[in-house]
Amino acid sequence: MVVVMRPDTSQEDIQRLVEKLEKMDLEVGITNGVGCTILGLVGDTACVDMDKIAMNSHVERVMRVQEPYKKANRKFHPEDTCVRVGNAAVGGGCFSVIAGPCSVESEEQIIEVARDVKDSGAALLRGGAFKPRTSPYSFQGMGLEGLELLLEAKAATGLPIVSEIMSPRYVDVFEEKVDVVQVGARNMQNFDLLKEVGRMSKPVLLKRGLSNSYEEWIMSAEYIMSGGNENVILCERGIRTFESYTRNTLDVSAIPAVKQMSHLPVIVDPSHASGMYWMVEPLAMAAIAAGADGLIIEVHNDPPHAKCDGQQSLTPEKFGRLMEKAGALVALAGKKLVK
Ligand code: PEP
Ligand code: MN
């Protein structure tokens, strides 16, 4: 971190600030230029509040030279992180596919879809029990009953289950019942929720917010990791752009960029990115080619009658065909498809 002092600052005022900074366990290098002094701060600057330093009336500008995240930073952890869930593994050369309906709707539906996606090679089952819907009049999910049905599907197939948590009040229930806790795009910056999830022992699938930068997304992972839970999977699910043809715009660049910034695995959700079932396969292929560590795909046994997101859901047959193509491309990318 670099602190530029105002030109008219006295040596006493500079010394006073240097002492304050040293008390924060920072080493301070002082460079006296022509008419201006620059302080170079070395130490754990990720934990320093820049704004507090900038508030000092003798400070002109504060600049970071290092990222504000530490635990998620590839610089301090050069190897890829692999998140393991039962037999499934995401990252570090392992590629897993999560598949299932947008929402759990009934026992028959979730068990039928679970069996089908398992047969096609999915390693985890997804299903929303608590749904973040734009309209309060839309189906809100089956709630706790939905989690019980997911457990039945897990018992029938052995697939670990992934489900979205929307409120800190369900942390204990999710800790007990779910294998991977999903934090949805709309809650990516719900910091109370992130702190609670950071105390859980279960891996977290953190979706990118609708309009969030890579750094904001990684900072949300940092919240979870700083609470002690370092098993975070990042998920690019499309962002808001001016284009309205697709539901969102899949940001393919996020895959190589975020994997360069962080050691955490990055997976892609082509279903919410496109909003259209026929675009799911080409976007899934693009994601694999760009280096993704996995996919999360919506699959429904009867898309026209789905209670949520039927238009972007694949039938089990279409999902099976996608998995055949994906398998070949994953192998070409030098990764291991975990089933
Ligand atoms: C979902 O996965 O069902 C979902 C609501 O996704 P997102 O948070 O990415 O919109
Ligand atoms: Mn959905």
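It should be emphasised that the depicted structure is a prediction, and the values quoted were computed from it without experimental measurement.

1. Examining the domain arrangement of the chain
Size of an interface: often given as the accessible area lost when the parts come together.
In step 1: For the chain, the assigned domains are domain 1 (2–63) and domain 2 (83–338).
In step 2: A separation of 44 Å is found between the C-alpha centroids of domain 1 and domain 2.

2. Digging into the packing of aromatic side chains
In step 1: The final tally for this structure, using the stated rule, is 3 aromatic pairs.
In step 2: Here the aromatic rings of phenylalanine 130 and tyrosine 170 are separated by 4.6 Å at their centres, their planes lie at 35°, and the arrangement is tilted. Of the two residues, phenylalanine 130 sits in the loop between strand E8 (124–126) and helix H4 (144–157) while tyrosine 170 sits in the loop between strand E9 (161–164) and helix H5 (171–177), which places them 40 residues apart along the sequence. Accessibility classification places phenylalanine 130 together with tyrosine 170 in one group, the buried group.
In step 3: Consider the rings of phenylalanine 130 and phenylalanine 174, whose centres lie 5.9 Å apart with planes at 45°: the pair is tilted.

3. Details of the environment of proline 256
In step 1: Here proline 256 shows up in helix H8 (residues 254–261).
In step 2: On a C-alpha basis, the gap between proline 256 and glutamate 79 in space is 15 Å, while along the polypeptide they are 177 residues apart.

4. Regarding the layout of surface pockets
In step 1: Reported here for the largest pocket is a volume of approximately 380 Å³.
In step 2: Taken together, 24 residues make up the lining of the largest pocket; nearest its centre are Pro132, Arg186, Arg237, Arg247 and His272.
In step 3: Sorting elements by how many residues they give to the lining of the largest pocket places E9 first, with 3 residues.
In step 4: Looking at the lining of the largest pocket residue by residue, the classes come out as 6 nonpolar, 8 polar and 10 charged.
In step 5: Along its surface, the second largest pocket is lined by Leu17, Lys20, Leu21, Met24, Val48, Asp49, Lys52, Ile53 and Asn56.

5. Some details on the coordination of the manganese ion (ligand 2)
In step 1: Within the protein, Cys102 (SG), His272 (NE2), Glu298 (OE) and Asp309 (OD) serve as the donor atoms for the manganese ion (ligand 2), at 2.0 to 2.4 Å.
In step 2: As a motif over one chain, the donors of the manganese ion (ligand 2) read C-x169-H-x25-E-x10-D. Of this pair, histidine 272 sits in helix H9 (residues 270–274) while glutamate 298 sits in strand E14 (residues 294–298), placing them 26 residues apart in sequence. Neither residue differs from the other here; histidine 272 and glutamate 298 are each classed as buried.

6. Here's the deal with unusual backbone geometry
In step 1: Phi is positive for aspartate 25, which is not a glycine, with a value near 65°.
In step 2: Tracing the chain through its elements places aspartate 25 in the loop between helix H1 (11–23) and strand E2 (27–32).
In step 3: Taking relative accessible area as the criterion, aspartate 25 reaches 68% and is therefore assigned exposed.

7. Observations regarding the packing of helix H10 (residues 277–289) against helix H11 (residues 316–332)
In step 1: For the pair H10 and H11, interaxial distance at closest approach is 10 Å and the crossing angle is 15°. Taken together, the axes of H10 and H11 are roughly parallel relative to one another. Here H10 and H11 pass one another in a crossing that is right-handed. Within the contact between the two elements, H10 uses Tyr277, Val280, Glu281, Ala284, Met285, Ile288 and Ala289 and H11 uses Lys318, Arg321, Leu322, Lys325, Ala326, Leu329 and Val330.
In step 2: Residues of the contact of H10 with H11, tallied by class, amount to 10 nonpolar, no polar and 4 charged.

8. Quick notes on the pattern of salt bridges
In step 1: Taken as a whole and judged by the stated rule, the model has 16 salt bridges.
In step 2: In this structure, the salt-bridge partner of lysine 154 is aspartate 179, at a minimum N-O distance of 3.0 Å. Of this pair, lysine 154 sits in helix H4 while aspartate 179 sits in the loop between H5 and strand E10 (180–183); the two residues are 25 residues apart in sequence, bridging distant segments of the chain.
In step 3: When the shortest N-O distance is used, the salt bridge between glutamate 176 and lysine 177 registers 3.8 Å.

9. Examining a nonpolar patch on the surface
In step 1: A cluster of nonpolar side chains, namely Tyr245, Tyr277 and Trp278, defines an oily patch on the protein surface of about 380 Å² accessible area.
In step 2: Turning to its location among the elements, tyrosine 277 is positioned in helix H10.

10. What about the site of ligand 1?
In step 1: Not every one of the 13 residues close to ligand 1 is listed here, only the nearest: Arg126, Lys131, Ala185, Arg186 and Arg237.
In step 2: Alanine 185 is positioned such that a nitrogen or oxygen atom in its backbone is 2.8 Å from an oxygen atom of ligand 1.
In step 3: Within the side chain of arginine 237, an N or O atom sits 2.6 Å from an oxygen atom of ligand 1.
In step 4: When the free accessible area of ligand 1 is taken as 290 Å², the share hidden by the protein chains comes to 97%.

11. Comments concerning the pairing of strand E12 (residues 232–236)
In step 1: Along E12, 5 of the 5 residues are buried, which leaves the element largely enclosed by surrounding structure.
In step 2: Covered by surrounding structure in E12 are Val232, Leu234 and Glu236 together with Ile233 and Cys235, the residues of both alternating faces.
In step 3: Examined bridge by bridge, strand E11 (residues 204–207) and E12 share 4 bridges and lie parallel to one another. Counted as the bridge partner of leucine 205 is isoleucine 233 from E12.
In step 4: On the question of chirality, the crossover connecting E12 to the parallel strand E13 (residues 266–268) by way of H8 is right-handed.

About the thresholds
- Residues numbered from 1 in each chain as written.
- Chains lettered and ligands numbered in written order.
- Predicted model: local features only at pLDDT ≥ 70, side-chain atom pairs only at ≥ 80, totals over all residues.
- Heavy atoms only, no water.
- Domains from an automatic or database assignment.
- Phe/Tyr/Trp six-rings, centres within 6.5 Å; stacked < 30°, edge-to-face > 60°.
- Helix = DSSP H or I, 4+ residues; strand = E, 2+ residues; numbered from the N terminus.
- Buried < 20%, exposed > 50% of the residue type's maximum accessible area, 1.4 Å probe, protein only.
- 1 Å grid on protein atoms, 1.4 Å probe; cavity = no way out; pocket = protein on both sides within 12 Å on 5 of 7 lines; lining within 4 Å.
- Points joined across faces, edges and corners; volume = space filled by probe spheres on them.
- Nonpolar A, V, L, I, M, F, W, Y, C, P; charged D, E, K, R; others polar.
- Donors = N, O, S within 2.8 Å, 3.2 Å for Na, K, Ca; no water.
- Axes fitted to C-alpha atoms, helices over the stretch in contact; angles between N-to-C directions.
- Parallel < 35°, antiparallel > 145°, perpendicular 65-115°, else oblique.
- Left-handed = near helix turned anticlockwise from the far one by under 90°.
- Contact = heavy atoms within 4.5 Å.
- Salt bridge = Lys/Arg side-chain N within 4 Å of Asp/Glu carboxyl O.
- Patch = residues over 30% accessible without salt bridge, like charges linked within 9 Å, V, L, I, M, F, W, Y side chains within 5 Å.
- Areas by Shrake-Rupley, 256 points an atom, 1.4 Å probe, with all protein chains shown as cover.
- Near = heavy atom within 4 Å.
- Polar contact = N/O pair within 3.5 Å; in protein donor to acceptor, adjacent residues only side chain to side chain.
- Pairing = 2+ DSSP bridges.
- Right-handed = clockwise from strand over helix to strand, strands pointing away.

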